[in-house]
Amino acid sequence: MFAVFSNARKAALVGLTLIAGALLSACDVATGTGGPSIDTSAPVPVALLVPRGSAQPGDAILAVSLENAARLAIADLQGVKIDLRVYDTAGDAGTAATVASQAVDEGARIILGPVYAESANAAGLAVRNRNVNVLSFSNNASIAGGNVFILGPTFENTATRMANYAASHGKRNIVVVYSTDLAGTAGRDAFQAAATRAGARIAGAVPFELSQQSVIASVPRIKETVSSTGADALFLTANTAGALPLLSQMLPEAGVSPSAVQYIGLTRWDIPAQTLELPGVQGGWFALPDPNKAALFNSRYAAAYGAAPHPIGGLAYDGIAAIGALVGAGKANALTGAALTQGAGFQGVGGIFRLRSDGTNQRGLAVATIQNKQVVVIDPAPTSFAGPGL
């Protein structure tokens, strides 16, 4: 079963460019109020940068899904006209920088995309001095800032939601189990910081490498750490394409019972659907976008295009929705950093979201569990940023 580890890196890079190395980035300067002045009575030129032409498997489908979702969002706008111009990056940072500059030369007032962190970083740098903001589909917080905003769901956002929920439900003594790759350590750091803010205690941290042997060897250490600290919860950074299936099988077998120790996930435990069959994930907690809104978007997309959207295709819809809401207010400064970071946020395909002044984002997430192999929401996603659970 551990052929899944050979796909772990691919899974981490499917659109959500989880964590890359240090980058020379647009966040070298703080996010400001800059941005173009626009005529809201005329069609607003928006550049959409997609990874069409990439050699990476799946990028062609992703590119189509992003464009389709953007056009679906444009059709939903009322009283706002968007002139969408699509540019292909081939999934390459250099190409992304070139087409970003080209897009601005051709009149783009804001850039939506690209997907991968290096490409988004390069696009942001290419137009940083041209008073144009970039709404990237990446979730890599290291590139956020300056004129670059990220739309992808971040580890910080999910970790905060889960730490707050755990602490408010009496789970305050938590062991973190994490992989030693960049994604795993970033998830660990995000949760440790979030747990501290929530008033919970990190009782211990157990690492493992991305190999079957290392995961198996970590199980006795996890059990010992839980026993010696009296931990009441385990926070797992592993995803369903990596170590989660094996950990969720072996930990209960080793005596770390989910009925006694609450399992909490950083990633979605309902994708793919086969994960719901695993005995060890039953009763576990994880976060997900508002499932009702997400299902509505998926249904509308499938009706319009005859297939399901890519898992991150909805980010293009979110970007257009935000742009449309701001332009619809009729203000010439609608696409400035100050406008993009307005506190009320926007309605997206998975619920509310808002862009933060540091270029990252905050999303309203639901908390779910798995009961009888079915996803059950146990704490709904908030409907406004004044509500609980963020």
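Residues numbered from 1 in each chain as written. Predicted model: local features only at pLDDT ≥ 70, side-chain atom pairs only at ≥ 80, totals over all residues. Heavy atoms only, no water.

**A few points about the overall build of the chain**
Inference 1: Broken down by element type, the chain carries 11 helices and 15 strands.
Inference 2: In terms of C-alpha radius of gyration, the chain reaches 21 Å, essentially the compact-globule figure of 21 Å for 390 residues.
Inference 3: Overall, the C-alpha framework of the chain stretches about 65 × 45 × 40 Å when taken along its three principal axes.
Inference 4: For the chain, long-range pairs separated by at least 24 residues make up 71% of all intrachain contacts whose partners lie at least 6 apart in sequence.
Inference 5: If you sum the accessible surface of the chain, you get close to 15,300 Å²; carbon and sulfur atoms cover 53% of it.
Inference 6: The positive charge centre, built from 25 side chains, and the negative charge centre, built from 24, are 5 Å apart in the chain. (Helix = DSSP H or I, 4+ residues; strand = E, 2+ residues; numbered from the N terminus. Rg over C-alpha atoms; globule rule 2.2 N^0.38 Å. Contact = heavy atoms within 4.5 Å. Areas by Shrake-Rupley, 256 points an atom, 1.4 Å probe, with all protein chains shown as cover. Lys, Arg positive; Asp, Glu negative; His and termini not counted. Charge placed at Lys NZ, Arg CZ, Asp CG, Glu CD.)

**So, the UniProt feature "domain: Leucine-binding protein" (unreviewed entry) in the chain**
Inference 1: Sites flagged by UniProt as "domain: Leucine-binding protein" (unreviewed entry) map to residues 43-372.
Inference 2: Taken end to end, residues 43-372 is 41% helix and 21% strand, and its first and last C-alpha atoms sit 50 Å apart. (UniProt positions renumbered as here; feature names shortened; annotations may be inferred.)

**Comments concerning the pattern of salt bridges**
As a working rule, side chains carrying opposite charge can pair if their charged atoms are close by.
Inference 1: Within the structure shown, the criterion is met by 12 salt bridges.
Inference 2: A salt bridge links Glu67 to Arg71, with the shortest nitrogen-to-oxygen separation between them at 3.1 Å. Of the two residues, Glu67 and Arg71 are both situated in helix H2 (residues 59-76); the distance of four residues between them amounts to about one turn of the helix.
Inference 3: Given a relative accessible area of 16%, Glu67 falls into the buried group.
Inference 4: Among the residues examined, Arg71 registers a relative accessible area of 38% and is labelled partly exposed.
Inference 5: The partner of Glu277 in a salt bridge is Lys373, and the shortest N-O contact between them spans 3.3 Å. (Salt bridge = Lys/Arg side-chain N within 4 Å of Asp/Glu carboxyl O. Buried < 20%, exposed > 50% of the residue type's maximum accessible area, 1.4 Å probe, protein only.)

**Regarding the pairing of strand E6 (residues 173-179)**
Inference 1: Summarising burial for E6: seven of the seven residues are buried, a large majority.
Inference 2: Alternating residues of E6 divide into Asn173, Val175, Val177 and Ser179 and Ile174, Val176 and Tyr178, and every residue in both groups is buried.
Inference 3: Both E6 and strand E7 (residues 201-208) contribute to a ladder of seven bridges, which runs parallel. Residue Val175 lies in a different strand from E7, and its bridge partner there is Gly204.
Inference 4: In this fold, E6 hands off to helix H6 (residues 182-198), which returns the chain to E7; that crossover is right-handed.
Inference 5: Taken together, the four bridges between E6 and strand E8 (residues 233-236) define a ladder with parallel strand orientation. The residue bridging Val177 from the neighbouring strand is Leu236, located in E8. (Pairing = 2+ DSSP bridges. Right-handed = clockwise from strand over helix to strand, strands pointing away.)

**Notes on the sheet that holds strand E12 (residues 351-355)**
Inference 1: The three strands are arranged E11-E12-E13 in an open sheet whose pairing can be described as antiparallel. Two strands in the sheet have a free side with no partner beyond their single neighbour: strand E11 (346-348) and strand E13 (361-363). Looking at each pair of strands side by side, their axes are set apart by 35 degrees on average, direction ignored.
Inference 2: Relative to E12, E11 runs antiparallel, the two sharing three bridges. The residue bridging Gly348 from the neighbouring strand is Gly351, located in E12. (Axes fitted to C-alpha atoms, helices over the stretch in contact; angles between N-to-C directions.)

**A short note on the side chain of Ser179**
Inference 1: Within the secondary structure layout, Ser179 lies in strand E6.
Inference 2: With relative accessibility at 8%, the residue Ser179 sits in the buried group.
Inference 3: Polar side-chain contacts of Ser179 include one of 2.5 Å to the side chain of Asp181.
Inference 4: Not counting residues up to four positions away in its chain, the partners in contact with Ser179 are Gly184, Thr185, Phe208, Leu210 and Thr237. (Polar contact = N/O pair within 3.5 Å; in protein donor to acceptor, adjacent residues only side chain to side chain.)

**Looking at the sheet that holds strand E5 (residues 148-150)**
Inference 1: Pairing is parallel across the open sheet formed by five strands, whose spatial order is E2-E1-E3-E4-E5. Each edge of the open sheet is held by one strand with a lone partner, namely strand E2 (82-88) and E5. Averaged over all adjacent pairs, the angle separating strand axes in this sheet is 25 degrees, with direction ignored.
Inference 2: As paired elements, strand E1 (residues 44-50) and E2 share seven bridges and run parallel to each other. Within E2, the position partnered with Val44 by the bridge is Ile82.
Inference 3: Strand contacts of H2: E1 and E2, with the helix running at about 175 degrees to E2, the strand carrying the most contacts.
Inference 4: Where helix H3 (residues 93-105) meets the sheet, it contacts E1, E2 and strand E3 (110-112), and its direction lies at approximately 150 degrees from that of E2.

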